[in-house]
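Structural features, examined
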Protein chains: 2
Amino acid sequence: MSYERIKAEELFDKVVNAEQAAQLFQHGMVVGASGFTKAGDSKVVLDALAKRAEKEELKVTLMTGASLGHDTDAKLTRAGALAKRMPFQVDRILREAINKGEVLFIDQHLSESAELLHNQCLPPVDIAVIEAAFIERDGSVVPTTSVGNSVTFLSLAKKIIIEINTKVPESIYGLHDIFQPENYPHRNVIPIVAPENRIGRRSIPVDINKIAAIVFTDIQDSPADIAPPDAKTTAIAQHLLRFFEDEVKKGHLTDRLLPLQAGIGKVANAVLSGFKDSNFYDLRMFSEVLQDSTFDLLDSGKMSFASASSITVSSECYDRVFSNLQRYKDRIVLRPQNISNTPGLIRRLGVIAINTAIEFDIYGNVNSTHIGGTNIMNGIGGSGDFARNAYLSIFVAQAASKDDNISHVLPMVSHVDHTEHDVDILVTDIGLADLRGLAPRERAQTIIDNCVHPDYREALQSYFDRAQALRGGHTPHILEEAFSWHTRFRETGSMK
Amino acid sequence: MSYERIKAEELFDKVVNAEQAAQLFQHGMVVGASGFTKAGDSKVVLDALAKRAEKEELKVTLMTGASLGHDTDAKLTRAGALAKRMPFQVDRILREAINKGEVLFIDQHLSESAELLHNQCLPPVDIAVIEAAFIERDGSVVPTTSVGNSVTFLSLAKKIIIEINTKVPESIYGLHDIFQPENYPHRNVIPIVAPENRIGRRSIPVDINKIAAIVFTDIQDSPADIAPPDAKTTAIAQHLLRFFEDEVKKGHLTDRLLPLQAGIGKVANAVLSGFKDSNFYDLRMFSEVLQDSTFDLLDSGKMSFASASSITVSSECYDRVFSNLQRYKDRIVLRPQNISNTPGLIRRLGVIAINTAIEFDIYGNVNSTHIGGTNIMNGIGGSGDFARNAYLSIFVAQAASKDDNISHVLPMVSHVDHTEHDVDILVTDIGLADLRGLAPRERAQTIIDNCVHPDYREALQSYFDRAQALRGGHTPHILEEAFSWHTRFRETGSMK
Ligand SMILES: CC(C)(COP(=O)(O)OP(=O)(O)OC[C@H]1O[C@@H](n2cnc3c(N)ncnc32)[C@H](O)[C@@H]1OP(=O)(O)O)[C@@H](O)C(=O)NCCC(=O)NCCS
Ligand SMILES: CC(C)(COP(=O)(O)OP(=O)(O)OC[C@H]1O[C@@H](n2cnc3c(N)ncnc32)[C@H](O)[C@@H]1OP(=O)(O)O)[C@@H](O)C(=O)NCCC(=O)NCCS
């Protein structure tokens, strides 16, 4: 085993295997685990927890940074190990259990989980399970491909389990910027005024006496599933790039734009990829996740710097990043998610936020999380942190899907994650609606004219016209009919 | 006339009467006017604009800080002078016109209007109309009882009209803290770490050459309508005070609490008044509006400092404030609304935010703005700025009203202003629901158990039970039935 990864010799006797470490868990505990968009998650200890839970009554509340890789959430769900889960997930099996009411899920703004813990608005963390590249002489921990909520979990947990992942080179040291705002009422300024500012330590401080177990692994992060650009995502990316070019022409932005945030998924990736062949330069990211497209832009010279809380890339890109770590280290930084996503910094930096909607309505309200108003998909993630505070808040979606049986532009969204107040620009493969400076009735006509799939345009216009005539109001709606498209889809499999 | 209020003699020849000043307006212009919750608004120039519009085609886009006093919005509406209005209003006549689609209204987060103007996301301001106590030698303007968006309007407008209000003593100088964040991409830290920090100038810088007219007035602000506490608002206040006491007992807060924000209306006033007889001390406010209750708390020694964007009080309290200005000046400050309401400061200071809901639903989504999903009441105001970023986000409402024909707790709100992510505590006269750390299904049961009027409890429980059984999901809903209470009220005048 790689004891050289433990610089504090007094910890050598804490080294155990995953099954032994998993003995520390008890029924009813609160566990805080590393992992953000599948990066830097626990590879073996949560897996061992699942195995234990298959055989005995052992349910925990699991908090993470965001989503986990390696089907860990599925394994934990199948084993009945999850009582409550927060703040985000993307797993099909877990999602089903949440929607059946078998696992309780709290869908949180990613900037807020750490706040809630520090403010004692959530139960205290019993055990932290944190992936690390190595442990420093004083017990401090150098994280791997994500920071997430690990700083908070390590500072608040009663006991700590460290998974040292020897697959991640020690040279990752220096990639992270570890800073935590002070607790209330002593909070001070977070002194970041540009994505490239480093304001903290390179490792996470840890009370060495709390380290109860150390486990070695050498398992790589689950790769990102990246769907290649298709006709629709390319169309969306093109609309958006043309919009940015126009904003530059109007003098609203320079060719450097402003720091970019891009949500998860193929559209975000397509948009970022689109910048490669554009005239924009010296771009910066202030985002949550660095995806393949970020490294392409860094390599092509289009992007100067990228700040986020995790690196979630394909296997091919993973190898590229780690064989060129020295080169990238000056140009990327990973931060705790209560820094990468904090409202004040997003507003201060003037971030351009691009996130994906499940559906949006004629007034520009966005649903990011629920199918049919009831079933959760993933969670709000950081979309609210960014959309509310961004210089420009952009949401993208395909106009229609499933053989065009679903329209993603609707009379009324079945669940609201982002209100019309927080949505500036909507883009589908059909076109782009610039909603800035428009009142609700103007927003509706602009969205109908620009974003709707042709099969649905007439019906949506009819709804809007009738709502104005029958009910009027600042935001005309016929409440009895507002969800009829969702109801029709449930009953007939089509919104048509 | 009081020319001594114009310290820059070269401006003497700009003095005109209101009718003459109003000749500067042209059809289609964008007007930015002072005024925030009826305080520090234009008393005569907008009135003269309304009179002109009665006789000729003269429609403008009117932006303000927030609401205006003196029925100015009603007069402008009746005269047909308003094409578009933003970001907030509380006027019955204007509201009716908005809901008929005769006036376009943009309902904005109060922190954002200035951002949108500086970022050129709204049309440029042609004329600023700003109430002032006096004009300094260099043309700088000392505002009166509100700051609102006046700094932005004065800096961006092509022409400026100043209304010098001689009713406001010159000794108001020093009450205001005038600071503006830099434009992108040059924005720096806003260096406030406590409500009492002063970081700016005492007057608003103005390009003296843009001052096109100066008008004298001596008309006092419209008084706040303060309904005395009644059984319901007292009950709500008591629930809330008991909750704060419990939080102190648990060690979550100290007796000093954290800076308070309280929305407009009688409940907010009742809650603040309740602090007078409590054990809390050294309280601070970081809010939008200072109401009568603020001055009562300052006088009783319970409150040490209050920061806001305006002072909106009863006539009696107005006299008290201005006869004791020196005494209060060290303990209150008025800021631009893009400082008083900026997300980063609200999060940094850990504000406890108390706002009023029109209705909320079993999952804790809040509607602050719309009646029956269509008709706007006032607007979101600052409630979103505070609720999203607060240490604790509290919404209050009566459980039922209009002879209990309206339940304010519903299966689904007809319009969402604040999503369940942003709502920690709900209080009605029936009781308080602490939603922290709860998943949606738990939230629903807690709300039903604690907040609902007895006449509606069974029906709401039935909806929730059937939604779980029939549809399940993370957020169980029967979409066809979700708005049936609103529909019943529309058809029968009662939700029963
Ligand atoms: C919104 C989000 C789910 C979109 O992801 P995506 O992969 O582009 O999603 P799609 O458009 O393919 O749609 C997701 C699914 O919902 C289905 N769906 C969408 N609207 C539907 C509707 N009205 N009724 C039924 N199904 C619907 C789609 O058909 C698709 O189903 P499938 O996976 O079975 O094919 C994803 O971006 C997300 O979770 N966002 C929230 C978090 C976030 O924004 N984070 C940003 C910072 S990381
Ligand atoms: C929400 C808000 C309107 C509540 O104000 P309030 O004076 O306490 O309001 P009430 O509870 O008395 O209700 C307002 C009206 O809506 C009516 N109403 C409420 N729910 C209704 C419903 N479901 N159907 C029909 N009418 C309804 C009430 O009966 C009342 O009507 P009335 O004025 O004709 O009597 C007000 O606080 C507001 O505008 N808030 C948004 C802005 C904000 O929060 N700012 C905070 C920072 S300043």
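In this text, all values refer to a predicted model and were calculated from it rather than measured experimentally.

Quick notes on the rules
- Residues numbered from 1 in each chain as written.
- Chains lettered and ligands numbered in written order.
- Predicted model: local features only at pLDDT ≥ 70, side-chain atom pairs only at ≥ 80, totals over all residues.
- Heavy atoms only, no water.
- Near = heavy atom within 4 Å.
- Polar contact = N/O pair within 3.5 Å; in protein donor to acceptor, adjacent residues only side chain to side chain.
- Areas by Shrake-Rupley, 256 points an atom, 1.4 Å probe, with all protein chains shown as cover.
- Disulfide = S-S within 2.5 Å.
- Nonpolar A, V, L, I, M, F, W, Y, C, P; charged D, E, K, R; others polar.
- Phe/Tyr/Trp six-rings, centres within 6.5 Å; stacked < 30°, edge-to-face > 60°.
- Helix = DSSP H or I, 4+ residues; strand = E, 2+ residues; numbered from the N terminus.
- Buried < 20%, exposed > 50% of the residue type's maximum accessible area, 1.4 Å probe, protein only.
- Lys NZ or Arg CZ within 6 Å of the ring centre and 35° of its normal.
- Domains from an automatic or database assignment.
- Contact = heavy atoms within 4.5 Å.
- Buried area = accessible area lost by both parts, 1.4 Å probe.
- Salt bridge = Lys/Arg side-chain N within 4 Å of Asp/Glu carboxyl O.
- UniProt positions renumbered as here; feature names shortened; annotations may be inferred.
- Least-squares fit on C-alpha atoms with pLDDT ≥ 70 in both.
- Pairing = 2+ DSSP bridges.

All names here are of chain B. Taken together, 25 residues sit near ligand 2, with Glu288, Asn355, Asn378, Gly379 and Lys402 positioned nearest. With respect to ligand 2, the side chain of Asn378 contributes an N or O atom lying 2.6 Å from an oxygen atom. For ligand 2, whose unbound accessible area comes to 970 Å², protein coverage reaches 79%.

Covalent bonding between the sulfur atoms of two cysteines is what defines a disulfide. In this structure the tally under the stated criterion is 0 disulfides over all chains. Counting only cysteine sulfurs, Cys451 of chain B is the nearest neighbor of Cys121 of chain A, a cysteine outside any disulfide, at a range of 17 Å.

Before going further, it helps to examine the site of ligand 1. Residue and element names in this part refer to chain A. The environment of ligand 1 is made up of 25 residues, and the closest members are Glu288, Asn355, Asn378, Gly379 and Lys402. One nitrogen or oxygen atom from the side chain of Lys402 is found 3.1 Å from an oxygen atom belonging to ligand 1. Contact with the protein chains covers 79% of the free accessible surface of ligand 1, which is 970 Å². Considered class by class, the residues forming the shell around ligand 1 number 10 nonpolar, 12 polar and 3 charged.

Aromatic rings considered in pairs are described by the distance between their centres and by the relative angle of their planes. Per the stated rule, a full pass over the model turns up 23 aromatic pairs over all chains. Relative to Phe464 of chain A, the ring of Tyr363 of chain A lies with its centre 6.4 Å away and its plane at 75°, an arrangement referred to as edge-to-face. Of the two residues, Tyr363 of chain A is situated in the loop between strand E16 (359-361) and strand E17 (366-367) and Phe464 of chain A in helix H16 (residues 454-470); the sequence distance between them amounts to 101 residues. For the pair Tyr363 of chain A and Phe464 of chain A, one class covers both residues: buried. Ring geometry for Tyr456 of chain B against Trp485 of chain B: centres 5.6 Å apart, planes inclined by 35°, an arrangement best described as tilted. With Tyr456 of chain B in helix H16 (residues 454-470) and Trp485 of chain B in helix H17 (residues 484-492), the pair connects residues that are 29 residues apart, well separated along the chain. Aromatic ring contacts, followed pair by pair, group Phe243, Phe244, Phe275 and Phe280 of chain A into a single cluster. In this structure, Lys7 of chain A is placed above the aromatic ring of Phe134 of chain A, and the distance from its NZ or CZ to the ring centre is 5.0 Å.

All names here are of chain A. Partitioning chain A into domains gives domain 1 (9-217) and domain 2 (231-492). Placing the centre of domain 1 and that of domain 2 at their C-alpha centroids yields a distance of 29 Å. Of the residues lining the interface, 47 residues belong to domain 1; the matching set on domain 2 comes to 44 residues. Carbon and sulfur atoms make up 59% of the area that domain 1 and domain 2 hide from each other, which totals about 3,800 Å². Viewed at the interface, domain 2 and domain 1 are joined by 2 salt bridges. Between Arg335 and Asp177 there is a salt bridge; the shortest N-O distance is 3.0 Å. Along the contact surface separating domain 1 from domain 2 lie 30 residue pairs in polar contact (both at pLDDT 80 or more). Secondary structure elements with two or more residues in the side of domain 1 that touches domain 2: helix H4 (92-99) and helix H6 (150-156). The element best represented in the side of domain 1 that touches domain 2 is H4, accounting for 3 residues. Residues of the side of domain 1 that touches domain 2, tallied by class, amount to 24 nonpolar, 18 polar and 5 charged.

Moving on, we get to the UniProt feature "domain: Acetyl-CoA hydrolase/transferase N-terminal" (unreviewed entry) in chain A. Feature annotation in UniProt places "domain: Acetyl-CoA hydrolase/transferase N-terminal" (unreviewed entry) on residues 9-215 of chain A, given in this structure's numbering. Secondary structure across residues 9-215 of chain A comprises 22% helix and 19% strand; the distance between its end C-alpha atoms is 15 Å.

This part is about the relation of the copies chain B and chain A. With an axial shift of 0.0 Å and an RMSD of 0.0 Å, the rotation relating chain B to chain A amounts to 180°. With respect to symmetry, the two chain copies, as superposed, fit the operation of a two-fold axis. Closest approach to the rotation axis among the C-alpha atoms of chain B is made by Gly344 of chain B, whose C-alpha sits 1.8 Å away. In this assembly, 100% of the residues forming the interface of chain B have copies in chain A that are likewise at the interface, indicating an isologous arrangement.

Sheet strands pair via backbone hydrogen bonds, and the direction of the pair is either parallel or antiparallel. Residues and elements named next belong to chain B. Strand order in the open sheet made by the 3 strands is E18-E17-E24, with mixed pairing throughout. Unpaired on one side and paired on the other, strand E18 (366-367) and strand E24 (409-410) mark the two borders of the sheet. Here strand E17 (residues 359-361) pairs with E18 via 2 bridges, running antiparallel. Residue Phe360 lies in a different strand from E18, and its bridge partner there is Val366.

On to the environment of Ser401 of chain A. All names here are of chain A. Considering the arrangement of structural elements, one finds Ser401 in strand E21 (residues 400-401). Given the relative accessible area of 10%, Ser401 is considered buried. Setting aside anything within four residues of it in sequence, one finds Ser401 in contact with Lys232, Ile406 and His408.

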